[in-house]
Amino acid sequence: MTLLETELYIKEIKDFFESSLSKNLNLYRVTAPVFLKSKDKLNDELSGLEQPVTFEVSGEKLEIIHSLAKWKRHAIELYNIPLYKGLYTDMNAIRKDDDIDAIHSIYVDQWDWELHIDKKDRTISFLKSIVKKIYQSFLETSKYLETNFNIKKKLNSEIFFITSQELEDLYPNLTSKEREYKITKEKTTVFIIGIGDKLKSGISHDVRSYDYDDWTLNGDLLVYYEKLDIALELSSMGIRVDKASLLRQASIKNKELSSRYHQNILNEVSCYTIGGGIGQSRMCMYFLDKEHIGEVQNSYWPKEEVEKYKHLKLEK
């Protein structure tokens, strides 16, 4: 596959998947910000250790987004999105502190989506129903590529759901990443529920920010990627915090809740939502059977990465 052919297939994948996702989740497309005011505290803090790229304009400090997890909940209200409808954006972020390897880049492109839900929907069963709808878009995209371009991927028709605690109980002597690999290689498509809280071992399965996902009602969607023999995370999502879960998680992380975003949740004036992100480059990498994420996006790669993968021509 030439570089130009790759780009043409990327557009086909993105255009089809975006349309399918919008239909299956009842989403409107809105324009995404690339930067936010630092004082509004709407940027994703990720693990809390990463620092955003910042700059000043007219004395105002702005920061390049990490993701739009918190902004989208605000946007649901801003656009007056009705119940059981939502929005999605083409998000382009810079995560300068991220690791760089075959599946990680400091440039992050994903569909960030958010759905307006009712308080009664804050359940595991509702979370699973949304995961299945998103996965349906992956299956539809796979069928489209096979029918029109003879690009075939062996996607399992069913998702295997497991909690992070059940996974630890199953493989107590493995690390969280080793557990992900083990279960995903066996089941092909896996959704791990409950990420952020400490498990019985005293260690969290993975880190999640305290103030957007409810750690008991979130999770990651992974597929087994035979090309690299890894568990590849394609999407992270969760039902968003309510007053009780925000207070509990902020207490665990010893965080103050002083921003307008936090106060709206504590005063119970924010709407209830579920949302997440779906990696565009990772999805294209998966469907096009690429060895490195740099084959489907333009980013920065250190010299040792360029040399290691010189046969792929990461520098375009």
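Provided above is the structure to which this section pertains.
Residues numbered from 1 in each chain as written. Predicted model: local features only at pLDDT ≥ 70, side-chain atom pairs only at ≥ 80, totals over all residues. Heavy atoms only, no water.

**Comments concerning unusual backbone geometry**
Let me state the cut-off plainly: Secondary structure elements follow DSSP: runs of H or I of four or more residues count as helices, runs of E of two or more count as strands, with numbering from the N terminus. Categorising residues by exposure relies on relative accessible area from a 1.4 Å probe, with only protein chains included: less than 20% of the type maximum marks a residue as buried, more than 50% marks it as exposed, and the intermediate range marks it as partly exposed.
Of note in the backbone geometry, asparagine 26 takes a positive phi value of approximately 65 degrees without being a glycine. Structurally, the position occupied by asparagine 26 is in the loop between helix H1 (3–25) and strand S1 (27–29). A positive phi angle, near 55 degrees, is found at asparagine 254, a position not held by glycine. Assignment of secondary structure puts asparagine 254 in the loop between helix H6 (243–253) and helix H7 (260–266). The exposure class of asparagine 254 is exposed, given its relative accessible area of 71%.

**Focus: helix H2 (residues 69–78)**
For an α-helix the count is 3.6 residues per turn, leaving residues at separations of three or four pointing the same way. Here is the rule we go by: Note on contacts: a residue pair qualifies if any of its non-hydrogen atoms lie within 4.5 Å across the two residues.
Summarising burial for H2: seven of the ten residues are buried, a large majority. The complete set of buried residues in H2 reads Ala69, Lys70, Trp71, Lys72, Arg73, Ala75 and Ile76. Lining the buried residues of H2 we find strand S2 (35–37), strand S5 (86–94), strand S6 (107–117), strand S10 (230–240), H7 and strand S11 (272–279). Asparagine 80 sits one or two positions beyond H2 and adopts a positive phi of about 55 degrees.

**Describing the nonpolar core**
The condition that has to hold: For our purposes a nonpolar core is just a set of buried Ala, Val, Leu, Ile, Met, Phe, Trp, Tyr and Cys residues, chained together by side-chain atoms within 4.5 Å.
Grouped together as the largest cluster of nonpolar side chains are 51 residues, with contacts concentrated most on Trp113, Ile134, Phe138, Phe191 and Ile274. Listed by contribution, the elements that provide at least two residues to this core are H1, S6, helix H3 (124–149), strand S8 (189–193), strand S9 (213–225), S10, S11 and helix H8 (280–287). A per-element tally of this core places H3 first, with eight residues.

**Thoughts on the pattern of salt bridges**
Any two side chains of opposite charge can pair, given that their charged atoms come close. To keep it simple, the criterion reads: Any carboxyl oxygen of Asp or Glu within 4 Å of a side-chain nitrogen of Lys or Arg constitutes a salt bridge here.
Applying the stated criterion across every chain yields a total of 26 salt bridges. One salt bridge in this structure joins arginine 29 and aspartate 90, with 3.3 Å as the shortest N-O distance. With arginine 29 in strand S1 and aspartate 90 in strand S5, this pair connects stretches of sequence that are 61 residues apart. Residue classification places aspartate 90 among the partly exposed residues on the basis of a relative accessible area of 24%. A salt bridge links arginine 122 to aspartate 214, with the shortest nitrogen-to-oxygen separation between them at 2.8 Å. Here aspartate 214 lies in strand S9 and arginine 122 lies in the loop between S6 and H3, a separation of 92 residues in the sequence. What makes arginine 122 buried here is its relative accessible area of 15%.

So yeah, pure geometry; function would need other evidence.
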